[in-house]
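Per-entry structural report
The chain contents come next:
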Amino acid sequence: MTTVTVEDLKSLFARIAEAMTREKDRLCELDGVIGDADHGIAMELGFAAAAKAVSELDATTADPTLVFNTAAKSFLNAVGASSGPLYATALMRAGASAKGKTSLNDDDMVEIFAAFAKGIQDRGKAEVGEKTMVDAWAPAAVACRAVRDQGLPLAACLAAALEAAQAGAEATKDMIAAKGRSSRLGERTLGHMDPGAASAVVMISCFHIHFTS
């Protein structure tokens with residue numbers, strides 16, 4: 001059974017921030033085709049701010065809920081674009097899921113992952129098939145929980161989540177955008193991966209690596 005501490009969560013946010021910096025140009029390129037070419041910048045700014053804020057928390061007094069809530073506030077303050085409220089809501093939901101806990105086990109992390117995905121879906125009012133980040137997050141959460149229901153450990157849950165997210169992101173190439181600015185382009189969005197789904201894969205990959213290594 002995994003035990004996830006505040007320090008583990010702080011280092012997870014640092015890992016995500018580093019990954020978004022690495023992937024910034026690719027995400028902006030994807031967004032340039034069907035959006036305004038700033039998604040990578042937004043994700044880098046948001047997670048850099050979140051990672052910095054949580055790194056300054058005192059691990060002896062902070063709990064997982066405070067980590068997620070601090071990350072949510074910092075992300076929202078740093079990102080004015082649509083992804084700001086989406087990820088802030090997701091992080092707040094994760095914090096609510098962890099309420100009252102000083103550390104997190106496998107079941108807790110799966111619940112947090114599900115709450116995170118549901119937060120994005122609820123705030124964005126999006127469904128699978130509409131060419132958004134929900135096309136990666138929703139199937140990832142379903143896969144994560146299904147593997148946990150089989151009694152397998154967190155690492156296996158996150159491996160399944162990543163595989164589902166990758167498949168979901170790939171599937172967005174065959175969709176016509178139904179939400180956001182890209183929806184105005186209609187069929188011109190066909191053949192291109194949704195940048196939000198692509199960044200979701202980056203983040204889920206960080207979860208997988210962090211809790212497998």
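Scroll up to find the structure this text is about.
Now for a quick tour of the structure. (Residues numbered from 1 in each chain as written. Predicted model: local features only at pLDDT ≥ 70, side-chain atom pairs only at ≥ 80, totals over all residues. Heavy atoms only, no water.)

Remarks on the packing of helix H1 (residues 6-34) against helix H3 (residues 64-78)
Applicable threshold: Orientation is described by lines fitted to C-alpha atoms, with helices fitted over the stretch in contact, and by angles between N-to-C directions that extend from 0 to 180 degrees. Secondary structure is summarised from DSSP: a helix means a run of H or I of at least four residues, a strand means a run of E of at least two, and numbering begins at the N terminus for each. Angles are sorted into four bins: roughly parallel if under 35 degrees, roughly antiparallel if over 145, roughly perpendicular if 65 to 115, and oblique for all others. Left-handed is the label given to a crossing in which the near helix is rotated counterclockwise from the far helix by less than a right angle, and right-handed is the label when the rotation is clockwise. Residues are treated as being in contact if the distance between any of their heavy atoms lies within 4.5 Å. Residues are grouped as follows: nonpolar covers Ala, Val, Leu, Ile, Met, Phe, Trp, Tyr, Cys and Pro; charged covers Asp, Glu, Lys and Arg; every other residue, Gly included, is treated as polar.
Running from N to C, H1 and H3 point in directions that differ by 20°, and their axes come no closer than 9 Å. When the interaxial angle is binned, H1 and H3 end up roughly parallel. Note that H1 runs across H3; the crossing there is right-handed. Contacts between H1 and H3 involve Val6, Leu9 and Phe13 from the former and Pro64, Val67, Phe68 and Ala71 from the latter. Taken together, the residues of the contact of H1 with H3 sort by class into seven nonpolar, no polar and no charged.

As for the pattern of salt bridges
A side chain of one charge can pair with a side chain of the opposite charge if their charged atoms are brought near each other. Heads up, the rule is: Salt bridges are defined by distance alone: a side-chain nitrogen of Lys or Arg within 4 Å of a carboxyl oxygen of Asp or Glu. The rule is simple: take the accessible area with a 1.4 Å probe, protein chains only, and divide by the maximum for that residue type; under 20% is buried, over 50% is exposed, in between is partly exposed.
The full count for this structure, using the stated rule, is 11 salt bridges. Residue Arg26 is joined to Glu23 by a salt bridge in which the shortest nitrogen-to-oxygen separation is 2.6 Å. Here Arg26 and its partner Glu23 are both found in helix H1, three residues apart, which amounts to about one turn of the helix. A relative accessible area of 23% places Glu23 in the partly exposed class. Look at the salt bridges and you will find they share partners, linking Arg93, Lys118 and Asp122 into a network.

Overview of the nonpolar core
Considering soluble globular proteins, one finds that nonpolar side chains tend to be buried as a cluster. For clarity, the cut-off: Only buried residues count toward a nonpolar core. Its members are Ala, Val, Leu, Ile, Met, Phe, Trp, Tyr and Cys residues joined through side-chain atoms within 4.5 Å.
By size, the foremost hydrophobic cluster in this structure holds 70 residues, and its most contacted members are Phe13, Phe47, Tyr87, Phe113 and Trp137. Breaking this core down by element, the ones donating at least two residues are H1, helix H2 (39-55), H3, helix H4 (83-97), helix H5 (106-124), helix H6 (134-149), helix H7 (154-171) and helix H8 (195-210). Here the element with the most residues in this core is H1; it accounts for 10 residues.

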